[in-house]
Structures are given as C-alpha cells and as structure tokens.
Amino acid sequence: FMIVASPCALVLSTMPPLLSAIANAGRHGVLVKSAVVLEKLSTVTHVAFDKTGTLTEGSPRLVPIRPVPDAAVDDAELLALAAAAENPSEHPLARAIVAAARDAGLTLQPVEDFGSTPGHGVRARIGEDLVEVGNPTLLPAVREIAHEMVDDLEQTGHTAVVVRTDSTVVGVLGLIDQARHAAADTVAALTTLTGARPLLLTGDNPQAAAALAAPLGITEIRAGLLPEDKVSAVRELEADGAKVMLVGDGVNDAPAMAAATVGVAMGRAGSDLALDTADAVITRDDLSTIPAVVALARRARRLVIANLVIAATFITVLVAWDLFGHLPLPLGVAGHEGSTIIVGLNGLR
C-alpha cells in the first residue's frame, strides 16, 4: 500500500512539461523567467502592445526639422540643441534624434542637470540655457504657431517632438517609424489564439497610432497615454476578468508590465527597467515568437493536466486493487514506477 500510494508520479506531472517548455522557448528566442510565468502565459485572454520599439522597428527616422520662424535658430542649431539634451536618454526617439545629429556632423555640447520624466520628455541644462524636448501635449506654453506645426506633422502620421529653450518654443521635430515585418501576422495569430483582437496602448498621438494600427488589423487604440494611464487601461481590462499580456520595451511600459498578468519585453530594444520588470523577454525582438510561446504554454498546461489524470488514475486503481483485492508486490512496484516513467516521458514531449 505504501508503495502504490506514494505520489511520485503526481510530483513529476508538472515540472517536466513546464521546464521542457521553458527550454524550448529559450531555444527559439524567448526567455521565460519561471514556471509560474509559463502557467500564466497559458491563461492569457487579451494582448496589449506598446507602439514604438514594439510593433515598430524601434529605429525611428528624423524627417522634418521645423524651427519656429522667429526663434533665431536654424535647422542645424535646433537639431544640435535637441540631440544634446536627448543624448543621455535611452528612448528610441531620443536615439533617433542623436543619430540624425551625428550623421549631420554636428558636435553635441555637454549637458548638466539631465532629467527624464516618462511620458513627458527630457530636460537638461546646456550652457546657460534650460532645454526641454518632449511630448507637445504635455509641455506647457506651446505657442500657437507650434501647435499648427505639430498638427501638420501628426496628420501625416509623424510623431511630433517639441523643443523649448528657457520656456520658449524654438521648433518641432517630426519622426516616423516602420512596423515590424511580422507585426500583422502576429496580430492575426494572437486574435485566433485568444479570440480577442490585440489592442494598442501608446503615448504617441492618435493619428500616428491609427496610421500604424490600421494595416496591422488592430482596431482598439488608446493613444496619448502616460505610464499611469497604461496601468489604468490594464487594470480596467483585468477588472472585467481578462488575463492581460502587455508587450513593451521602454521605461514608460514598466509600470503597466508590472500590473499585467504577464509582462513581455523586447530584449534588444528594451530598456533595463523594462527587462527587469518583465516576466518574459523576447531576446531576438521577433514578434512571431509571441503567439508561438503562448501556444507552447497552453500545450504544456494540457500535458500537465494529462499527466495529473494519468498519475491519479494509476494511484487510484492500484490502491483500490490493494485494499479490495490482492495486489502482488512486484506488480505494485511495476505500476508505481511505470506511471512515474510514463508521466515523465509524456512531459518531455
């Protein structure tokens, strides 16, 4: 009785499939940080994406540079100011501005008192001037002419960035990014897997968000969000019983990742904070691995359930046989060890 009632098969029912799935995911470019995370992945019902660096390539291009007419700075001076202020930042837009300045052969001045506010922008002291670069809807005192310039850029799908010097708007920069080549297929695969279309949560303007989302098949867009707004959107979904997976890459996404059932970070483009907060990391930035790892997690969960059924059935049958009949000891040992081997091998699939 002690031999056949020993729960070895039950103990081995869970970890072999979960660890095998984690190893399989790792070989295909997804680092799943624990078996608990894998189990959570199997329960995901809704997927939310960040925009820049997640659904897009994360390498925006600086296209138009538009100084304010009476600001006494030309294109090169405006770009040099913005790039110097953005140089210490990790944000993809900041890297694009700095890269454009270097490509133009501009010398970046050293900065002091650098500060970054997620969702707003950056500020830094360059010489005697306080330079701010950031979201046009959140920087105060954006002049009317700058509003017109921002509207023109956003209507064409650009991300507009305002540059201020000592509280005076001196110009607007326009950036544009391309969708990842696997983004549309990923959205379609996740829709099939979860039964719900992914949604887009972004701090970018509504026009740029819509221009990206429409070709990808995303219909629900929440734009102009601060980091705390993304957290609220995730909690709103989960309050309705959804299990949300948030995929992002930046500092702005880390709070929402922590609030979601599962947070997934883009490994190459992701900030250190996002990588540390995330439950799983896409090491190669390949979006197609997201539906693959969800499907893998669901298969692992099905194997766990199958193993539990097999183990419980063996134990129940052998115990009942021993209690109500005559179970030979060799057969009891064979049944016990055999069930353990069966669930172990089944889990390794």
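Residues numbered from 1 in each chain as written. Predicted model: local features only at pLDDT ≥ 70, side-chain atom pairs only at ≥ 80, totals over all residues. Heavy atoms only, no water.

What follows concerns the overall build of the protein chain. If you tally the helices and strands in the protein chain, you get 15 helices and 13 strands. For 349 residues, the compact-globule estimate of 2.2 N^0.38 gives 20 Å, and the protein chain exceeds it by more than 25% at 27 Å. If one aligns the C-alpha atoms of the protein chain with their principal axes, the spans along those axes are about 100 × 35 × 30 Å. Considering the protein chain as a whole, with its 349 residues, one finds that 50% of them fall into the buried category. When contacts within the protein chain are restricted to residue pairs at least 6 apart in sequence, those whose partners lie at least 24 apart make up 62%. Seen as two clouds, the 25 positive and the 39 negative side-chain charges of the protein chain have centres 10 Å apart. (Helix = DSSP H or I, 4+ residues; strand = E, 2+ residues; numbered from the N terminus. Rg over C-alpha atoms; globule rule 2.2 N^0.38 Å. Buried < 20%, exposed > 50% of the residue type's maximum accessible area, 1.4 Å probe, protein only. Contact = heavy atoms within 4.5 Å. Lys, Arg positive; Asp, Glu negative; His and termini not counted. Charge placed at Lys NZ, Arg CZ, Asp CG, Glu CD.)

Our focus in this paragraph is the packing of helix α6 (residues 75-86) against helix α7 (residues 92-103). Two numbers describe how α6 lies on α7: the axes approach to 8 Å, and their chain directions differ by 130°. Between α6 and α7, the angle is such that the two are oblique. Seen along the crossing, α6 lies across α7 with a hand that is left-handed. Here α6 contributes Leu-79, Ala-82, Ala-83 and Glu-86 to the contact with α7, which in turn contributes Ala-94, Ile-97, Val-98, Ala-100 and Ala-101. Here the contact of α6 with α7 is built from residues that sort into 8 nonpolar, no polar and 1 charged. (Axes fitted to C-alpha atoms, helices over the stretch in contact; angles between N-to-C directions. Parallel < 35°, antiparallel > 145°, perpendicular 65-115°, else oblique. Left-handed = near helix turned anticlockwise from the far one by under 90°. Nonpolar A, V, L, I, M, F, W, Y, C, P; charged D, E, K, R; others polar.)

In this model, Asp-113 sits at a positive phi of 55°, which is unusual for a non-glycine residue. Inspection of the secondary structure puts Asp-113 in strand β4 (residues 112-117). Phi is positive for Asp-166, close to 50°, though the residue is something other than glycine. With respect to the helices, strands and loops of the structure, Asp-166 is situated in the loop between β7 (159-165) and β8 (168-176).

The residue Thr-186 is located in helix α9 (residues 183-194) in this model. Taking relative accessible area as the criterion, Thr-186 reaches 2% and is therefore assigned buried. Setting aside chain neighbours within four positions, we find Thr-186 in contact with Phe-49, Leu-287, Ser-288 and Pro-291.

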